[in-house]
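# Descriptive analysis of the structure
What follows is the residue order along each chain.
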Amino acid sequence: MITVTNLSVNFDGQPLFKDVDLKFTPGNCYGVIGANGAGKSTLLRVLSGELDSTSGDVSIAPNCHMSVLKQDHFAFDEFTVLDTVIMGNKKLYDIMKEKDALYMKEDFSDEDGLRAAELEAEFAEMDGWEAESDASKLIQGLGLEESILYQMMSDLGGNEKVKVLLAQALFGNPDIILLDEPTNHLDINAVEWLEDFLMDYEGTVIVVSHDRYFLNVVCTHMVDIDYGKIKMYVGNYEFWYESSQLVQKMIKQQNKRNEEKIKELETFIQRFSANKSKSKQATSRKKMLDKLTVNEMPASSRRYPFVGFEMDREAGKDLLTVTDISKSLNGEKMFENISFTLNHGDKIAIIGENELAVTALLKILAEEEEPDSGEIKWGVSTSRSYFPKDNNEFFEGSTLNLCDWLRQYSKPGFETQNDTYIRGFLGRMLFSGDDVFKQVKVLSGGEKVRCMLSRMMLFGSNVLILDQPTNHLDLESITAVNNGLAAFKGNVIFASHDHEFMNTIANRIIRINSDGTITDRMCTYDEYLEKLKNNEV
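Owing to the predicted nature of the structure, the values given are computational and were not obtained by experimental measurement. (Residues numbered from 1 in each chain as written. Predicted model: local features only at pLDDT ≥ 70, side-chain atom pairs only at ≥ 80, totals over all residues. Heavy atoms only, no water.)

## Some thoughts on the environment of Leu-430
Inspection of the secondary structure puts Leu-430 in the loop between helix H15 (419–428) and helix H16 (445–459). Exposure remark for Leu-430: the relative accessible area of 21% places this residue in the partly exposed category. Leu-430 sits 17 residues away from Glu-447 along the chain, and the two C-alpha atoms are 9.3 Å apart. In this structure, Leu-430 is in contact with Arg-303, Tyr-304, Pro-305, Asp-435 and Arg-450, ignoring residues within four places of it in sequence. (Helix = DSSP H or I, 4+ residues; strand = E, 2+ residues; numbered from the N terminus. Buried < 20%, exposed > 50% of the residue type's maximum accessible area, 1.4 Å probe, protein only. Contact = heavy atoms within 4.5 Å.)

## Focus on the sheet that holds strand S12 (residues 347–351)
Taking strand neighbours across the sheet as the criterion, the six strands line up as S14-S15-S16-S12-S17-S18 in an open arrangement whose pairing is mixed. Only two strands of the sheet have a single partner each, and these edge strands are strand S14 (384–387) and strand S18 (518–521). Averaged over all pairs of adjacent strands, the angle between strand axes in this sheet comes to 15°, irrespective of strand direction. In this structure, strand S17 (residues 508–512) lies alongside S18, joined through four bridges in antiparallel fashion. Within S18, the residue paired with Ile-510 across the bridge is Asp-520. Strand contacts of H16: S14 and strand S15 (463–467), with the helix running at about 175° to S14, the strand carrying the most contacts. In the packing of helix H17 (residues 475–487) onto the sheet, contacts are made with S12, S15 and strand S16 (491–495), and the angle to S12 comes to roughly 130°. (Pairing = 2+ DSSP bridges. Axes fitted to C-alpha atoms, helices over the stretch in contact; angles between N-to-C directions.)

## As for the environment of Ala-135
Secondary-structure assignment places Ala-135 in helix H5 (residues 131–141). Residues Ala-135 and Val-164, spaced 29 residues apart in sequence, show a C-alpha to C-alpha distance of 9.5 Å. When residues no more than four places from it in sequence are discounted, the contact partners of Ala-135 are Leu-82, Val-85, Leu-149 and Phe-171.

## Section: the pattern of salt bridges
Opposite charge on two side chains permits pairing when their charged atoms draw close. Taken as a whole and assessed by the stated rule, the structure comprises 24 salt bridges. Of the charged contacts in the structure, one is a salt bridge between Glu-118 and Arg-115, with a shortest N-O distance of 3.0 Å. Placement of the pair is Glu-118 and Arg-115 together in helix H4 (residues 110–125), with a separation of three residues, close to one helical turn. Residue Asp-419 is joined to Arg-407 by a salt bridge in which the shortest nitrogen-to-oxygen separation is 2.9 Å. (Salt bridge = Lys/Arg side-chain N within 4 Å of Asp/Glu carboxyl O.)

## Digging into the sheet that holds strand S5 (residues 66–68)
Taken together, the six strands give an open sheet; going across it, the order is S5-S6-S7-S3-S8-S9, and neighbouring strands pair in mixed fashion. Strands at the two margins of the open sheet, each flanked by one partner only, are S5 and strand S9 (229–234). Strand-to-strand, the axes of this sheet are offset by a mean angle of 20°, without reference to chain direction. One ladder, built from six bridges, connects strand S8 (residues 221–226) with S9; its direction is antiparallel. Paired with Met-222 across the bridge in S9 is Tyr-233. Along the sheet, helix H6 (residues 158–170) makes contact with S5 and strand S6 (176–180), crossing S6 at roughly 155°.

## Considering unusual backbone geometry
In terms of backbone geometry, most residues other than glycine have negative phi values and most peptide bonds are trans. Positive phi, close to 60°, is recorded for Glu-367, a residue that is not glycine. Secondary-structure assignment places Glu-367 in the loop between helix H12 (355–365) and strand S13 (373–378). In this model, Gln-468 sits at a positive phi of 55°, which is unusual for a non-glycine residue.

## Things to note about the packing of aromatic side chains
Between two aromatic rings, the relevant description is the distance of the centres plus the angle of the planes. In this structure the tally under the stated criterion is 15 aromatic pairs. Taking 6.2 Å as the distance between ring centres and 25° as the angle between the ring planes, the aromatic pair formed by Tyr-103 and Phe-108 counts as stacked. Centroid distance Trp-405 to Tyr-409: 5.0 Å. Interplanar angle 65°. Geometry classified as edge-to-face. Since its relative accessible area comes to 1%, Trp-405 is described here as buried. Joined through ring pairs, the aromatic side chains of Tyr-237, Trp-240, Tyr-241 and Tyr-304 make up one cluster. A cation over an aromatic ring shows up here: Lys-99 above the ring of Phe-123, its NZ or CZ 4.2 Å from the ring centre. One Lys or Arg, Arg-455, reaches over the ring of Tyr-409 and ends 4.8 Å from the middle of that ring. (Phe/Tyr/Trp six-rings, centres within 6.5 Å; stacked < 30°, edge-to-face > 60°. Lys NZ or Arg CZ within 6 Å of the ring centre and 35° of its normal.)

Structure follows, in structure tokens:
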């Protein structure tokens, strides 16, 4: 158990959050949410003891083993993978190394023998003989070969290191696990394995993640950092989001009787407490939702950007025909002789293990690059907007402020060119006050993405092509983009790592296979994953 009492953290004299009182208990998974810069990672660092708070206290039950997902991918380069994983239980690792050092001594004394006996007893009590087997199970669960255990960390690729560090955080049955963005760089199967692991884990999990699907599956509570305050609510992210939207709506409904509002909220709670999963986390969440009162529901004042795409005109009969296109980069085949057509209503998620191939295809469809062979043909009535994965060329070296930058992309005419219109548009994307006079070259990654989305919205296109549009965004902005694309009446072709994003937007999946061919299915992302499990793809 972790008890947080009257906690405050200041940076440069300014409070990040203050007067925080929280209790984290075993058997629950807590998702920490908040805007970029709100202090999510800072809270985890304070809970782990890595960072001192300005005031207040963090109390952890005695003899609790806490494990933290390490962020430095190079910290263990001098160690084998096996040693790195076992370091997740530092005490066990230290016992192993001391024991090994004793047995290697040439002048092994009686005193050494007594010490070795003590260490052997502790080692056995901590299930040390199972350590290698346990490490192997974690590594294989995350999709790596068992043989990797005996390689040096320095020989691994970035994504392999991510999985090893995650295995380290989960090793040794810790009482408390702190995870900061654990699904970053994980493939679909590894994320699913992690979800299953955490859903049946009996300790305390505290996780920061931008992956809404992951938060919905594993979390029993949401910890919301908003305007310097931190509040804890029962339920997963979907419950937090929908209920906070509902409460906000009801606050504005002055004429509605309180009894009617309470009845509507109670019905909402009952719908969310329906338990489809039998995991420990889901069962725990259902019990707490059943006991939830209306007064305990979230009432967040969080602001969401407005993301809405309107077509200037509908596309005609012919949209897009792709015929036998091939592409190689630096001598490596990305795809070969692929063909497909775009139909009215299609919202296509492009997926594949090779991200370079996915980006290459989107660039060709956006006519930013040419295929090596074959052709693409867009219908004459189509108009396209492209959101590139790398947007640096739009901002680097620019001396324009936000207002003037966006004005470049607005349609000719007085209304769409004047300051009032541009500032109003930027305001809906949460750029207000003096923000609009900032030079675009100093914007953060998330602010640049919001600018690029604003640019797309001004075009009025009927086909949208987007490559990883949620990178650098906080949960509020991801949700806004998700809702905007789901509501869009035209065609969308996109790539994303966000499970919820793909599943709620795409009605067609095109996968670029490792041999350069494609698999094309008319279905949602979840339906595609189900087909994959059943070997129907």
